Amino acid sequence: MAETADIVIIGAGIVGCSIAYHLAIQGAPRVVVVEKDLICSGSTGKSAGGIRQQFATEINLLLSIESLRMFHRMREELGVDPEFRQVGYLFMATTPAELELFRRQAEVQQRYGIPVRIISPDDIRRLVPYVRLDDIIGGAYCPTDGYAAPYEVTMGYAAAARRLGVTIHERRPVTRILRERDRVAGIETPQGPIHAPIVVNAAGAEGGVVGTMAGVEVPVKPYRRQLFVTRPLPEFSAEPPLTIDYHRNWYFRGEMGGCLFSGPKDEESTFNTNVDWEHVAESVAKAVARVPLLEKAEISRGWAGSYDISPDNNAILGAVAELSGFYVATGHSGHGFMHGPATGKLMAELILTGKPSIDITPFGL
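The four strands are arranged β1-β12-β11-β10 in an open sheet whose pairing can be described as mixed. The open sheet has two free edges, formed respectively by β1 (3-4) and β10 (176-180), since each of these has just one partner strand. As defined by bridge partners, β1 adjoins strand β12 (residues 194-195) across two bridges and the pair is classed as parallel. Following the sheet pairing, E3 is matched in β12 by I194.

Grouped together as the largest cluster of nonpolar side chains are 73 residues, with contacts concentrated most on I9, I19, L23 and Y157. The contact partners of I9, leaving out residues within four places of it in the chain, are G16, I19, A20, L23, V31, V32, V33, V34, V200 and A202. Of all hydrophobic cores here, the second largest spans 25 residues; its members include I124, I136, F236 and F252.

Positive phi values are uncommon outside glycine, yet R30 reaches one of about 45°. Inspection of the secondary structure puts R30 in the loop between α1 (14-25) and β3 (31-34). Residue class for R30 comes out partly exposed when judged on its relative accessible area of 46%. Positive phi is not limited to glycine here, since S333 has a value of about 60°. When you line up the elements, S333 lands in the loop between β20 (326-330) and α9 (336-353). By relative accessible area, which is 9% here, S333 ends up buried.

Under the definition given, this model contains 21 salt bridges. R125 is the partner of D122 in a salt bridge, and the nearest nitrogen-oxygen pair spans 2.9 Å. Of this pair, D122 and R125 are both found in helix α5 (residues 121-127), three residues apart, which corresponds to roughly one turn of the helix. In this structure R125 comes out as partly exposed when scored by relative accessible area, which is 40%. Residues D266 and R224 are paired through a salt bridge, measuring 3.0 Å at the closest nitrogen-oxygen approach. Remark: R224 occurs in strand β14 (residues 221-230) and D266 occurs in the loop between β17 (258-265) and α8 (280-290); sequence separation between them is 42 residues. An identical accessibility class is assigned to D266 and R224; each is buried. One salt-bridge network, in which partners are shared between bridges, spans R132, D134, D135, D245, R248 and R290.

A few words on the sheet that holds strand β9 (residues 167-169). The strands making up a sheet are joined through hydrogen bonds of the backbone, oriented either antiparallel or parallel. Spatial ordering of the open sheet is given by β9-β3-β2-β13-β20-β19, a layout of six strands whose pairing is mixed. Strands at the two margins of the open sheet, each flanked by one partner only, are β9 and β19 (316-319). Across this sheet, the average inter-strand angle for adjacent strands is 20°, counted without regard to direction. As paired elements, strand β13 (residues 199-201) and β20 share three bridges and run parallel to each other. In the sheet register, N201 faces β20, and the bridge partner there is V328. Across the face of the sheet, α1 comes into contact with β2 (7-10), β3, β13 and β20 while running at roughly 160° to β2.

All told, the structure shown has 12 aromatic pairs when counted by the stated rule. Note on F71 and F337: the rings are 5.5 Å apart at their centroids and 55° apart in plane angle, and the pair reads as tilted. Residue F71 is found in helix α2 (residues 58-72), and its partner F337 is found in helix α9; the two are separated by 266 residues along the sequence. The pair F71 / F337 is uniform in exposure class, with both members buried. Measuring from ring centre to ring centre gives 5.8 Å for F228 and F261, while their planes differ by 35°; the resulting arrangement is tilted. Here F228 is found in strand β14, whereas its partner F261 is found in strand β17, with 33 residues between them in sequence. Like F261, F228 is buried. The side chain of R52 reaches across the aromatic face of F55, ending 4.0 Å from its centre.

Within the secondary structure, N201 sits in strand β13. Within polar-contact distance, the side chain of N201 engages the backbone nitrogen of A203 at 3.2 Å. One polar contact links the side chain of N201 to the main-chain carbonyl oxygen of G207, over a distance of 2.9 Å. The contact partners of N201, leaving out residues within four places of it in the chain, are I10, G207, V210, G211, V218, F326, Y327, V328, A329 and T330.

What follows covers the packing of α1 against helix α6 (residues 150-163). Orientation of α1 relative to α6, taken along the N-to-C sense of each, is 30°, at an axis distance of 8 Å. Viewed along their axes, α1 and α6 adopt a mutual orientation that is roughly parallel. Where α1 crosses over α6, the two elements pack in a sense that is left-handed. Together, I14, C17, S18, A20, Y21 and H22 of α1 and V153, T154, Y157, A158, A160 and A161 of α6 make up the contact between the two elements. Along the lines of polarity and charge, the residues of the contact of α1 with α6 split into nine nonpolar, three polar and no charged.

What counts as what
- Residues numbered from 1 in each chain as written.
- Predicted model: local features only at pLDDT ≥ 70, side-chain atom pairs only at ≥ 80, totals over all residues.
- Heavy atoms only, no water.
- Pairing = 2+ DSSP bridges.
- Helix = DSSP H or I, 4+ residues; strand = E, 2+ residues; numbered from the N terminus.
- Core = buried A, V, L, I, M, F, W, Y, C linked by side-chain atoms within 4.5 Å.
- Buried < 20%, exposed > 50% of the residue type's maximum accessible area, 1.4 Å probe, protein only.
- Contact = heavy atoms within 4.5 Å.
- Salt bridge = Lys/Arg side-chain N within 4 Å of Asp/Glu carboxyl O.
- Axes fitted to C-alpha atoms, helices over the stretch in contact; angles between N-to-C directions.
- Phe/Tyr/Trp six-rings, centres within 6.5 Å; stacked < 30°, edge-to-face > 60°.
- Lys NZ or Arg CZ within 6 Å of the ring centre and 35° of its normal.
- Polar contact = N/O pair within 3.5 Å; in protein donor to acceptor, adjacent residues only side chain to side chain.
- Parallel < 35°, antiparallel > 145°, perpendicular 65-115°, else oblique.
- Left-handed = near helix turned anticlockwise from the far one by under 90°.
- Nonpolar A, V, L, I, M, F, W, Y, C, P; charged D, E, K, R; others polar.

Right, here's the structure in full:
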């Protein structure tokens, strides 16, 4: 017999699993998730897990505020520890223009009750005493930001969704989106088709590829970003805030007593997620220039993942007008994990009622 479902979700990262869970708790029957590899094996599992409220636009602020509430109640709701560590987020400014940008954004954020404040170099020194500050003129700091565990959170959503009747197929790639004229009709996979009147593209970095399968242009491209972790350092025994050198587009945070720091982000789009060990010295030099004590650190491991980048560096969320029943939830541009909980809730509301509790119209395709 042919497989059928009411809703098929493509992708089992944080966004796909969150959508599936929220559809189930809102009463949707026969929800199926298909994943070409394993749950949380794509961009979500390779992310640094950052969670921040310091955004410049209202819609991103609202997604952050709602997701933050959801991270706090995951123990009770999902039965998992998200390992949410509110170590804070610190943005450091090198130029007056950057600091003025932080001031303007902080005024907006404070109107929403976010406890962000503009701080001096002396304040920064107290937070991260080992950072080189000779060219830093100030920063923006929010103590309630931090990071959580992407794998644990995603598996929590997946397990809770399964308990509510959702079927998740791993190692079942989508090869084609089935259409009947201007309506979606399901998906084709090597194990056979799944017929469904609603299909959700939550394929992350492959969101553009899935869009092409449906005959819809979804302008999302993958860009590799590398991360490295050092062995434990005495100075990191007191965990620092996630600290961002805004001018250099570089950040670091604590990780198991060591330092996790960002490597290069590719300028050209690629699906390559291999670590470029031949050029790791360039990443180390950038890190040592801002945190000199890292010169004595030993790198213990590194990995690479893909950002699913959209043209405006914001998520693409909503229904696709030219293909009835086809929805998009991709292109998060590095914000997918932190906004995944709220995105799942809002997409479920949109699919089932047409009226999400936060207006996501600005994120429409």
